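Commentary on secondary and tertiary structure
Letter by letter, the chains look like this.
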Amino acid sequence: MPNLTPFALRDTPALIERIFPAQKISAEAQKERKAGAGQTLTALGSYWKGRKPLIMVRAIVLGCLLPVTEDLEADLRIFEQLMAIADESFSRREPKLKVAELVVRIRLENPWDFFDYTLPKGKILPLFEGEDNENNIANLTFPLQIPLKVRWKRGLADTEKQKIYGLALEGLTYEEKVTLCRRPEELDPEMLYGPIWAAVNAHLGRFGISAQSHQELVEQLGILRFGHRPKVGDTFCGGGSIPFEAARLGCDVYASDLNPVACMLTWGALNIIGASPERRAEIEQAQREVAEAVDREIVALGIEHNERGDRAKAYLYCLETRCPETGWLVPVTPSWIVSSNRNVYGKLVPNYAHKIFEIEIISGASKEEMIKEKQGTLQDGNLVYELDSKIYSTSIKTLRGDYKDQDKVNKNKLRQWEKSDFKPRPDDIFQERLFCIHWTTKETLGQSTQETYFAAPTDWDLANEKKVEEIVEKNLNTWQDKGLVPDMAIEHGHNTSQPIWERGWRYWHHLFGARNLLEVVLFQKELKNNKNTAHLKAMLPLILNNACKLCAWNTGHPGSGEYTANAFYNQALNTNYRYSLRSISHILNTLFITSYTQNNSIANCSSKLECISAQNINENVSLFITDPPYADAVNYEEITEFFIAWLRKNPPPPFDQWVWDSRRSLAIKGDGEDFRRGMVAAYSAMTQNMPDNGLQCVMFTHQDTSVWSDMVSIFWAAGLQVVSAWYIATETTSGLKQGGYVQGTVTLLLRKRLETASTFKQRLLPKIRHEVAAQIEAMLNLNEEASMYGESVFNDSDLQMAGYAAAMKVLTQYTVVDGRDVTALALQPRQKGENTVVDDIVQYASEIANNLLIPDRLKALNPETWGEITGVERFYLRMLAIEQTGASKLDHYQNFAKAFHVAYQPLMASLKPNNARLKVAKDFKPRELASGEMAGTLLSEILMAIQELLKDKAPKVVISQIRTSLDDTYFPKRPHLIAMAQYIGEMLDHQHPQEAQKAQIISDRIRNEALGG
């Protein structure tokens, strides 16, 4: 350890307070998101959807520890090297370029120092005049014009290859480089970061820094700032990404969450993913031993093999119900397609003797058959089937017996299942039927490439099904008493009422088939005396997520085979009319966690994990980094009861220290008074448990001004001041970027408010205007730097959030506003319809932001027009621009209608959630343009003029009508009419060419008139 002076950097601003490469981190975060299952922590449970990208956490931690010097440019350069996002880092990030691609990208005078070659068979190189063939080869330069088979020179050092990669990446945008290269965490740290330490130590040597790894650097920076290795805390730890990445970087960590499933995921991140290579090997060996033991039991029972010795991979079930018209028992499924790739479907064959349908599995069907069978018996909420050339249709609501009781409460006639139930009773409305089995052939079992097929169950298979049910029926009560199977009732809630209403399932084990129950029991029994019980128990949710009736069957598509989906593909408890149960061998594959990264070990730092509410913490922490719950958060306290029901009895250490209950009433969620007070208590506790020079980073994503008002109040009352804000695009850019979704996560940097200050609201407003404008202008400038960063990342929604955050920076500096203490002001209960000082200021910030959101094309035509038009005109023109990008999400229109204070419904031609669109001129009725918000606007004049031109009225007459209507204001408004009409014409050119032409005529006529033509 070098000779460091503790607290030498105590009061030095952190780098992240002054400068942060938000665009680059955005591109890296999206790269990580797109990795899907290749993300480091999703192997522990993809059912937890709220994890923030690890690269973002790493950037925040380093940004909070690194000091600002007099040379900001050098500070930024060192930060980018430490993050492996500097230009020179990409040559070490193993670009996914084949040698053949390299040779067409680069120019070298001496290619044979790096490459070997062979001539294609039967080919000779044409000789240059006066040269032999060898000299000809020697004189070739890249890029080659002559076909050669080129490969890396044998024994070429990695550093030499990196030179070539660097040449190949020259001239690419940052986003293109990120796409081509591997993520930093996938690479060997020594290779990736080895070359940077001389520069890092030279830049930070003035503070005594001398490091050869991130872990050493982080510890030294911690001593300089806080007197010890930094401790990072996260009191809403969720899936564990913040404590895991902080620990991997070399920090001590403190993590807590009220939800025990979140705590278990975080524990797994630290102790399974983050284990040393040697410890990981032990855990993996324990996984294999348990999997093999369970597999032996299943094989001994003989319940997964057919007469031939083939083994089941998946069992496909559908519901059945009795038709009230015919009395027939009819299978219910949205589709009869079993495999799209292999042309397999289920065919209904009437059995008149028993009034049921047999289901034949047809393989190798024709294209016509597959099209026909794509539509099943469940159609638009109705049971629809054909019998003797007659179509029968009955609403599912009718079959279920939906009704309202005397208190107008929705109810139905489904039998409510009891604790002893695990399958339907014979007189239940919905039955469950095994109709197809996915088999692996005996000959290919255990091989990397297996041969599989689909078949209807035989008598042998149905006998095995009966055997499983008998085992479960005999043992269910005992298993429940021992805690091997849940005996926990489902509590009504936003998500949890769904299985009760749709199936009558009242206990959590009802969501699992008989095979699932047996499989999970056998797995848990094998854990009893295993020294790695906690590590294996932490993986039980992986099995549960892949082994229940909520797992839908996916029929596959070109390039992807058929498969059983997991239950939590979204944040709900969706029951299925057709579902798939994996076989035990298939389920156990989910136990084996594959790590795609090379730098996971966190053995050298300490960690503490508690299952408590954030407001009850009592742990000194240097940096708090949190991703708190907010208005539209997932109801984790409900849906994780799915797992808690299985884990709550007999948990092994250290899980036995936690309360295995969702504690719904204590969860901080939603919005309103309870949300605000809970969050104030949580952030007050964090503020009290950090040093005066500590930092808090709060990740937050929301557009609603009322929620932002709440967040201002929360931080105000907690004694915190916003010192900076950065916007990271954490979502992928494809479909989301074109819709109405917020792309970015706002990272708010907060410090303790150590001094008192007072002001008046009227003095605040000019400061807020300046701060909001400066922040949005900076973001717009970054977006315009396309040549460096590629496609712009921040959309309008992100820019709106920028306005709110900038206002918070100004507002939270003060302890007294208009003579009132801000804490009391923040905590006072909201009166319905009342606007507080905070509401007014956040709304003011929103209006400033919206004033700056000028569509690029309109700004180019006339930058003054935006300031001269009304909210309804701004909304219409802005949404026209967004529609050109392919946006069609209704929530986008809703969000901007709120921002511009517009009633948007009268302006919409379609309100379909996924196909919303504005009215164009021909869609408006004359009275709609002459009354309400549109009345008297320049936009209404242009739209009415387009309508008249579509009726073949003379342009001269139409322009005269505009002049008469606007009267004295016509000439001052004429430049804006020209710009708006041309803008509308350009925006409508593709979808509505006739209207586009008329709009252009209006613009041209008024322009020519202005020129005296």
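Just so we're clear, the structure is a prediction, and the values are computed from it rather than from any experiment.

As for the overall build of the protein chain
- Helix and strand counts for the protein chain stand at 40 helices and 29 strands.
- The C-alpha radius of gyration of the protein chain comes to 33 Å, within 12% of the 31 Å expected for a compact globule of 1013 residues.
- Structurally, the protein chain occupies a C-alpha span of about 90 × 85 × 80 Å along its principal axes.
- Burial statistics for the protein chain: of 1013 residues in total, 57% are counted as buried.
- Sequence separation of at least 24 residues holds for 74% of the intrachain contacts in the protein chain that already meet a minimum separation of 6.
- Working note: accessible area of the protein chain is about 42800 Å², and carbon and sulfur atoms make up 48% of it.
- Of the charged side chains in the protein chain, 115 are positive and 127 negative; the average position of the first set lies 3 Å away from that of the second.

A word on unusual backbone geometry
- With an omega of 0°, the peptide bond between Pro653 and Pro654 qualifies as cis.
- Mapped onto the elements of the fold, Pro654 is located in the loop between helix H24 (641-647) and helix H25 (672-688).
- The phi dihedral of Lys408 falls on the positive side, at around 65°, and the residue is not glycine.
- In this structure, Asp952 takes a positive phi of about 70° despite not being glycine.
- Tracing the chain through its elements places Asp952 in the loop between helix H37 (938-950) and helix H38 (955-966).

Re the packing of aromatic side chains
- This model, assessed by the stated rule, comprises 30 aromatic pairs.
- For the pair Trp328 and Phe357, a centre-to-centre distance of 5.1 Å together with 50° between the ring planes defines the contact as tilted. Pair noted here: Trp328 is in the loop between strand S5 (311-322) and strand S6 (329-332) and Phe357 is in strand S9 (residues 356-362), with a separation of 29 residues, a long-range link.
- Ring plane angle 75° and centroid distance 5.2 Å describe the contact between Tyr970 and Phe971, whose orientation is recorded as edge-to-face.
- For Tyr970, a relative accessible area of 0% translates into the label buried.
- Here a set of aromatic residues connected by ring pairs shows up, and it is made of Tyr47, Trp508, Phe512, Phe568, Phe642, Phe643 and Trp646.

As for the confidence of the model for the protein chain
- Chain-level statistics for the protein chain give a pLDDT mean of 88 and a share of 91% at 70 or above.
- When the criterion is pLDDT under 50, residues 733-742 qualifies, and its contacts beyond four places in sequence or with other chains add up to 32 contacts.
- When the criterion is pLDDT under 50, residues 786-791 qualifies, and its contacts beyond four places in sequence or with other chains add up to 16 contacts.

Describing the nonpolar core
- Ranked by internal contacts, the top residues of the largest apolar core, which has 85 residues, are Phe20, Val61, Leu82, Phe115, Phe142 and Leu217.
- For this core, the element with the highest residue contribution is helix H3 (residues 54-65), accounting for nine residues.

As for the packing of helix H4 (residues 72-82) against helix H10 (residues 197-204)
- Running from N to C, H4 and H10 point in directions that differ by 145°, and their axes come no closer than 10 Å. Relative to H10, the crossing made by H4 is left-handed. Contact with H4, carried on its side by Ala74, Asp75, Ile78, Gln81 and Leu82, involves Trp197, Ala199, Val200 and His203 of H10 and no other residues of that element.
- Residues of the contact of H4 with H10, tallied by class, amount to six nonpolar, two polar and one charged.

Focus on the sheet that holds strand S26 (residues 816-817)
- Pairing within the open sheet is mixed, and its three strands lie in the order S25-S26-S27. Unpaired on one side and paired on the other, strand S25 (758-759) and strand S27 (820-821) mark the two borders of the sheet.
- In the sheet, S26 pairs with S27 via two bridges, with the strands oriented antiparallel. Bridge pairing links Val817 to Arg820 in S27.

Regarding helix H2 (residues 22-34)
- Between its first and last C-alpha atoms H2 spans 18 Å; for 13 residues at 1.5 Å apiece the expected length is 18 Å, and the two agree.
- Across the 13 residues that make up H2, a large majority, twelve, are buried.
- Positive phi shows up at Gly36, right after H2, with a value of about 55°.

Details of the sheet that holds strand S10 (residues 378-379)
- Judged by pairing direction, the sheet is antiparallel, and its three strands sit side by side in the order S10-S11-S12 without closing on themselves. Looking at strand neighbours, the two that pair on one side only are S10 and strand S12 (390-395), the edges of this open sheet.
- Sheet topology note: the strand S11 (residues 382-387)/S12 ladder contains six bridges and is antiparallel. Paired with Tyr385 across the strands is Tyr392, a residue of S12.

Section: the environment of Ala725
- Tracing the backbone shows Ala725 in strand S23 (residues 720-729).
- Judged by its relative accessible area of 3%, Ala725 is buried.
- In the structure, Ala725 is positioned 709 residues away from Ile16 in sequence and 8.9 Å away in space, judged by C-alpha atoms.
- Each residue touching Ala725, except ones within four places of it in the same chain, is listed here: Val746, Thr747, Leu748, Gln775 and Ala805.

Some points on the environment of Asn259
- Along the chain, Asn259 turns up in the loop between strand S4 (252-256) and helix H13 (260-273).
- The buried category is assigned to Asn259, whose relative accessible area is 6%.
- Separated by 21 residues in sequence, Asn259 and Gly238 have C-alpha atoms that sit 7.9 Å apart.
- Every residue in contact with Asn259, bar those within four places of it in the chain, is listed here: Trp48, Cys611, Tyr636, Glu637, Thr640 and Ile644.

Brief notes about the pattern of salt bridges
- Tallied over the full model, the rule gives 50 salt bridges.
- Residues Lys177 and Asp87 are paired through a salt bridge, measuring 3.6 Å at the closest nitrogen-oxygen approach. With a gap of 90 residues between them, Lys177 in helix H8 (residues 174-180) and Asp87 in the loop between H4 and helix H5 (99-105) connect regions that are remote in the sequence.
- For Lys153, the salt bridge is made with Asp116, and the minimal N-O distance between the two is 3.7 Å. Of this pair, Lys153 sits in the loop between strand S2 (149-152) and helix H7 (158-169) while Asp116 sits in strand S1 (residues 115-118), and the two are 37 residues apart along the sequence.

Observations regarding the pairing of S9
- Residues Phe357, Ile359 and Ile361 of S9 are buried on one face, while the alternating residues Ile356, Glu358, Glu360 and Ile362, pointing to the opposite face, are not.
- Bridging between strand S8 (residues 344-351) and S9 involves seven bridges; their strand directions are antiparallel. Pairing of Gly346 across the sheet is with Ile361, part of S9.
- A loop of four residues connects S8 with S9, the two strands running antiparallel in sequence, and Lys355 in this loop sits at a positive phi of about 55°.

Quick notes on the state of the cysteines
- Considering all chains together, one arrives at zero disulfides under this definition.
- There is no disulfide at Cys436, and the cysteine sulfur nearest it, in Cys318, is 10 Å away.
- Under the relative-accessibility criterion, Cys436 is labelled buried at 0%.
- This cysteine, Cys611, is not joined by any disulfide, and Cys263 carries the nearest cysteine sulfur, 4.0 Å off.

Here's the deal with the environment of Glu369
- Locating Glu369 in the fold gives a position in helix H15 (residues 367-373).
- On the basis of relative accessible area, Glu369 is assigned to the partly exposed category, the value being 31%.
- Between the alpha carbons of Glu369 and Ile337 there is a distance of 9.9 Å; along the sequence they are 32 residues apart.
- Looking at Glu369, its side chain comes within polar contact range of the main-chain nitrogen of Ser366, at 2.9 Å.

Things to note about the pairing of strand S21 (residues 623-626)
- Going residue by residue along S21, you find Leu623 and Ile625 tucked away on one face and Phe624 and Thr626 tucked away on the opposite face as well.
- The sheet contact formed by strand S3 (residues 231-234) and S21 spans two bridges and is parallel. Within the sheet, the bridge partner assigned to Val232 lies in S21 and is Leu623.
- Pairing of S21 with strand S22 (residues 695-700) involves four bridges; the strand directions are parallel. What sits directly across from Thr626, in S22, is Val698.

Re the side chain of Glu17
- Within the secondary structure, Glu17 is located in helix H1 (residues 15-18).
- By relative accessible area, which is 17% here, Glu17 ends up buried.
- A distance of 2.6 Å separates the side chain of Glu17 from the side chain of Arg751, its partner in a polar contact.
- Look past the residues within four positions of Glu17 in its chain and what remains in contact with it is Val723, Ser724 and Arg751.

Thresholds applied
Per-chain numbering applies: the sequence of each chain, read as written, is numbered from 1 onward. Per-residue local features are limited, in this predicted model, to residues with pLDDT of at least 70; the limit for side-chain atom pairs, both in listing and counting, is 80 or more; totals at the level of whole chains, interfaces and linings are taken over all residues. Heavy atoms throughout the structure, all of them, feed into the side-chain values; hydrogens and water do not. The helix count covers DSSP runs of H or I at least four residues long, the strand count covers runs of E at least two residues long, and both are numbered beginning at the N terminus. Radius of gyration means the value over C-alpha atoms here, while the globule rule gives 2.2 Å times the residue count to the 0.38 power. With a 1.4 Å probe rolled over the protein chains alone, any residue whose accessible area is under 20% of its type maximum counts as buried; one over 50% counts as exposed, and the rest are partly exposed. In what follows, residue pairs with any heavy atoms lying within 4.5 Å of each other are defined as contacts. Note that accessible areas follow from Shrake-Rupley with a 1.4 Å probe, and for residues the cover is restricted to the protein chains shown. When charges are counted, Lys and Arg are positive and Asp and Glu negative, with His and the chain ends excluded. For charged residues, the charge sits on one atom: NZ in Lys, CZ in Arg, CG in Asp, CD in Glu. Centre distance within 6.5 Å is the pairing criterion for rings of Phe, Tyr and Trp, where only the six-membered ring of Trp is used; planes under 30 degrees apart are then read as stacked, over 60 as edge-to-face, and the remainder as tilted. Each residue gets a pLDDT score, which is the predictor's confidence in that residue and runs from 0 to 100. The definition of a nonpolar core used throughout is a set of buried Ala, Val, Leu, Ile, Met, Phe, Trp, Tyr and Cys residues joined through side-chain atoms within 4.5 Å. Note on geometry: axes are C-alpha line fits, over the in-contact stretch for helices, and angles between N-to-C directions span 0 to 180 degrees. Each crossing gets its hand from how the near helix is turned against the far one by less than a right angle, where anticlockwise is left-handed and clockwise is right-handed. Residues are grouped as follows: Ala, Val, Leu, Ile, Met, Phe, Trp, Tyr, Cys and Pro are nonpolar; Asp, Glu, Lys and Arg are charged; every other residue, Gly included, is polar. At least two DSSP bridges between two strands are needed for those strands to be called paired. In this scheme, a helix's expected span is set at 1.5 Å multiplied by one less than its residue total. Within this document, salt bridges are pairs made up of a side-chain nitrogen of Lys or Arg and a carboxyl oxygen of Asp or Glu, the two lying within 4 Å of each other. Disulfides are defined in this document as cysteine sulfur pairs within 2.5 Å. Any pair of nitrogen or oxygen atoms within 3.5 Å is treated as a polar contact; in protein, a donor-acceptor pairing is required on top of that, and neighbouring residues in sequence qualify only through side-chain atoms on both sides.

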